[in-house]
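Observations on chain architecture
Listed below, chain by chain, are the residues.
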Amino acid sequence: MNTVTEIKEPEELEFEQPLEEEIERVEIPQSRRAVYTEKGDPEVESLYGKYKRGKLVLQPDFQRHFLWDAKKSSRLIESALLDIPLPVIYLSEEKDGKEYVIDGQQRLTAFFSFMDGKFPTGRDFNLSELKVFTELNRKSFKKLNDEQQDKIRYCKIRTITFRKESEGDLKFDIFERLNTGAVSLNDQELRNCIYRGPYNKLLNELSKDNDFMYLLGLKRSDSRMKDVELILRFAAFYHATYLNYKPPMRKFLNTEMENFQRISEARAIELKNAFKNSVMIIKSLLDTHAFKRFYKGDEKNPNGYWERKKFNASLYDVLMYSFSREDKNKVYQNLDSVREALVCLMTDDQEFIDSIELSTSSVQAVTKRFDKWRLILKDILGIAQREPRSFSLRLKEELYDSDETCAICGQRIQNIDDAAVDHVDQYWAGGRTIPENARLTHRYCNWARPRKEA
């Protein structure tokens, strides 16, 4: 009975709330508030040599692409020929002995591309639209005379390097402030620069999992690494558990990256298996509705609906975490009950709804939503000690196929996901969970009906 809605592939993932709060305090003890920097004025040729030896990393894997066009790149070369001072380049020295460009990637890429003769795309780099050295238009680096080539080679650029001894969280905050490029790096793109190593590669690898991309409706990687950040969120809760979560979310994720930066092969395999376990279960459970809200109707229109485009990161966290260690076969045996319970939770339990809508990064909200779903899942997958409270999906389908009318409001129920099976004689009053005591209703109508439980 489940229908799959075709969803247009998004250019960039959309979420109901930001993945990380925009403004968060950086809580660092006074004794650790230290940033060690080193200033220098290296020549372009010196930086170019480091780059060629792999000691200076311009564009870490999966980071944003080179954004400048030929005109802007040419104007930078002309500035060097005119001895115009250039903006500061910021670098970060990391534990692997390499330096990573935090701010200035576009400028250095333009210089190095001109000296190589080609842009990163493979297109020839010939100067264009120069305003002063117009005679150099359409010329490559090799076509310049020795004096002009030397002007570029020995052009000095002020650099500020953050030493590896600097406090990690403070470095992250400073790098965020230094984002002055045409497209500022977001938090995950910054992490991709700062926390280089096998863990970073693993996160990027998992983000390309076919089933995961299917659940997110992606045919290619998200342009701003939101898919990679979702993998990191899963890993952080998997390793730390929600019981050890402390806000802000940004620090929680930074700590995860730092703790597992040099992850062992055994831990990497364990995480990969847990991730794939969750993804496979959720694909069978929700298909294209994965990580999206189901909304009950209202008094004017009792028909509910699935969110079509925006993902809910709080739902993602709960579902990915809860299925990571579950036996797939046991979940598949109870798939209908699990799905029905989740939809009910999203529509009937106001505390759960608030926990995925309001102040979602607070300890209270995180604990509330994880606890509620964990207990419900345990009740379904565990050995039942009493008669179940929920009717089966098979019975709901039979009632829906027989008559789509809501037993409370008398209107047609348009979608089986919006249908609830209610006890005629209420469960709390001893009513049994059997077909003879069942009626089909809208979820909203069932939720809004008068209740007399003690």
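Whatever comes next refers back to the structure up there.
The text that follows walks through the structure, step by step, so that each part is easy to find. (Residues numbered from 1 in each chain as written. Predicted model: local features only at pLDDT ≥ 70, side-chain atom pairs only at ≥ 80, totals over all residues. Heavy atoms only, no water.)

Quick look at a nonpolar patch on the surface
Our working definition: Patch members must show over 30% relative accessible area and no salt bridge, and they are joined within 9 Å when carrying like charges or within 5 Å when they are nonpolar side chains of Val, Leu, Ile, Met, Phe, Trp or Tyr. Where accessible areas are quoted, they stem from the Shrake-Rupley method and a 1.4 Å probe; at the residue level, only the protein chains shown are allowed to cover. Criterion for a salt bridge: a side-chain nitrogen of Lys or Arg within 4 Å of a carboxyl oxygen of Asp or Glu. Strands here mean DSSP runs of E at least two residues long; helices mean DSSP runs of H or I at least four residues long; both are numbered from the N terminus.
A surface patch of nonpolar side chains, amounting to about 240 Å² of accessible area, comprises Leu82, Ile84 and Val132. Following the sequence through the fold, Val132 ends up in the loop between α3 (105–116) and α4 (146–153).

Considering the sheet that holds strand β2 (residues 56–57)
Put simply, the test is: When DSSP finds two or more bridges between two strands, those strands count as paired. In this analysis, two residues are considered to be in contact whenever any of their non-hydrogen atoms come within 4.5 Å of each other. An axis is simply a line fitted to the C-alpha atoms; with a helix, the fit covers only the stretch in contact. Between two such axes, the angle follows the N-to-C directions and lies from 0 to 180 degrees.
In space, the five strands of this open sheet follow the order β1-β5-β3-β4-β2, with mixed pairing throughout. Lying at the two open borders of the sheet, with one neighbouring strand each, are β1 (37–40) and β2. The sheet contacts of α3 involve β2, β3 (89–93) and β4 (99–103), and relative to β4 the element is tilted by about 115°.

Some remarks on the nonpolar core
Operational definition: Residues belong to one nonpolar core when they are buried, are Ala, Val, Leu, Ile, Met, Phe, Trp, Tyr or Cys, and are joined through side-chain atoms within 4.5 Å. Exposed residues in this analysis have more than 50% of their type's maximum accessible area, buried residues have under 20%, and partly exposed residues fall in between, with area computed by a 1.4 Å probe over protein chains only.
Core analysis: the biggest nonpolar cluster contains 79 residues, and Tyr199, Phe237, Phe291, Phe323 and Trp373 have the highest contact counts within it. Residues contacting Phe291, with those up to four places away along its chain left out, are Leu215, Leu216, Ile282, Leu286, Phe311, Asn312, Leu315, Tyr316, Leu319 and Met320. Counting residues in hydrophobic clusters, the runner-up holds 32 residues, among them Tyr48, Met115, Phe119 and Phe125.

A look at the pattern of salt bridges
Between side chains of opposite charge, a pair can form when the charged atoms approach closely. Following the criterion strictly, the structure yields 31 salt bridges and no others. Measuring nitrogen to oxygen at the nearest pair gives 3.4 Å for the salt bridge that ties Arg163 to Glu38. You can see Arg163 sitting in the loop between β5 (159–162) and α5 (168–177) and its partner Glu38 sitting in strand β1, a full 125 residues away along the chain. Exposure remark for Arg163: the relative accessible area of 27% places this residue in the partly exposed category. Relative accessible area serves as the criterion here: at 43%, Glu38 is assigned to the partly exposed category.

Comments concerning a positive patch on the surface
Condition: Charge assignment: positive for Lys and Arg, negative for Asp and Glu; neither His nor the chain ends contribute. Taken as the charge location is NZ of Lys, CZ of Arg, CG of Asp or CD of Glu.
Taken together, the side chains of Arg53, Lys55, Lys98 and Lys201 present a region of like positive charge at the surface. Checked against the element boundaries, Arg53 lands in the loop between α1 (44–52) and β2. For Arg53, a relative accessible area of 59% gives the class exposed.

Some points on the side chain of Lys296
Formally: Polar contacts here mean pairs of N or O atoms no more than 3.5 Å apart (in protein, one a potential hydrogen donor and the other a potential acceptor; neighbouring residues in sequence count only if both atoms are side-chain atoms).
Among the secondary structure elements, Lys296 is positioned in the loop between β6 (294–295) and β7 (305–306). Here the side chain of Lys296 touches Thr347 through a polar contact of 2.7 Å, landing on its backbone oxygen. The residues touching Lys296, leaving out its near neighbours within four places in the chain, are Gly304, Thr347, Ile353, Arg443, Tyr444 and Trp447.

Focus: the packing of aromatic side chains
Our working rule: Aromatic rings from Phe, Tyr and Trp, taking only the six-membered ring of Trp, are treated as a pair when their centres fall within 6.5 Å; an angle between ring planes under 30 degrees marks them as stacked, one over 60 as edge-to-face, and anything in between as tilted. Over a ring means this: the NZ of a Lys or the CZ of an Arg is within 6 Å of the ring centre and within 35 degrees of the ring normal.
For the coordinates displayed, the defined rule picks out 23 aromatic pairs. Where Tyr242 meets Tyr321, the ring centres are 5.7 Å apart and the plane angle is 90°; that geometry is what we call edge-to-face. In this pair, Tyr242 is assigned in the loop between α9 (226–240) and α10 (249–259) and Tyr321 in helix α12 (residues 313–323), connecting sequence segments 79 residues apart. Comparing Tyr242 with Tyr321 shows no difference in burial state: the two are buried. A network of ring pairs unites the aromatic residues Phe237, Tyr242, Tyr245, Phe252, Tyr321 and Phe370 as a single cluster. Positioned above the aromatic ring of Tyr214, the side-chain terminus of Lys283 is 4.9 Å from the ring centre.

Some points on helix α7 (residues 198–207)
Here α7 lies mainly inside the structure; seven of its 10 residues are buried. When we look at burial in α7, the residues that qualify are Tyr199, Asn200, Leu202, Leu203, Asn204, Leu206 and Ser207.

Observations concerning the environment of Arg325
Relative to the helices and strands, Arg325 resides in the loop between α12 and α13 (328–333). Separated by 51 residues in the primary sequence, Arg325 and Ala274 have C-alpha atoms spaced 6.4 Å apart. Ignoring sequence-local partners within four residues, the contact set of Arg325 consists of Tyr238 and Asn277. Within the structure, the side chain of Arg325 is placed 3.3 Å from the backbone oxygen of Tyr238, a separation counted as a polar contact.

Some details on the pairing of strand β9 (residues 438–442)
Taking burial as the measure, the five residues of β9 include four buried ones, the bulk of the element. In this sheet, β9 lies alongside strand β8 (residues 419–423) in antiparallel orientation, the contact comprising five bridges. Paired with His423 across the two strands is Ala438, which belongs to β9.

Examining the side chain of Arg233
By the secondary structure assignment, Arg233 is in helix α9. Beyond its immediate stretch of four places on either side in the chain, Arg233 contacts Leu19, Met249, Leu253, Ala313, Tyr316 and Asp317.

Considerations on unusual backbone geometry
Following Pro247, the chain continues into Pro248 via a peptide bond in cis, with omega recorded as 5°. By secondary structure assignment, the location of Pro248 is in the loop between α9 and α10. Unlike most non-glycine residues, Met225 shows phi in positive territory, near 65°. Counting through the fold element by element, Met225 comes out in the loop between α8 (210–216) and α9. Given a relative accessible area of 2%, Met225 falls into the buried group. Backbone geometry places Asp287, a non-glycine residue, at a positive phi of 50°. On the secondary structure map, Asp287 appears in the loop between α11 (265–286) and β6.

Notes on the pairing of β8
Most of β8 is tucked away: five of the five residues are buried. In β8, alternate side chains face the same way, and those of Ala419, Val421 and His423 on one face and Ala420 and Asp422 on the other are all buried.

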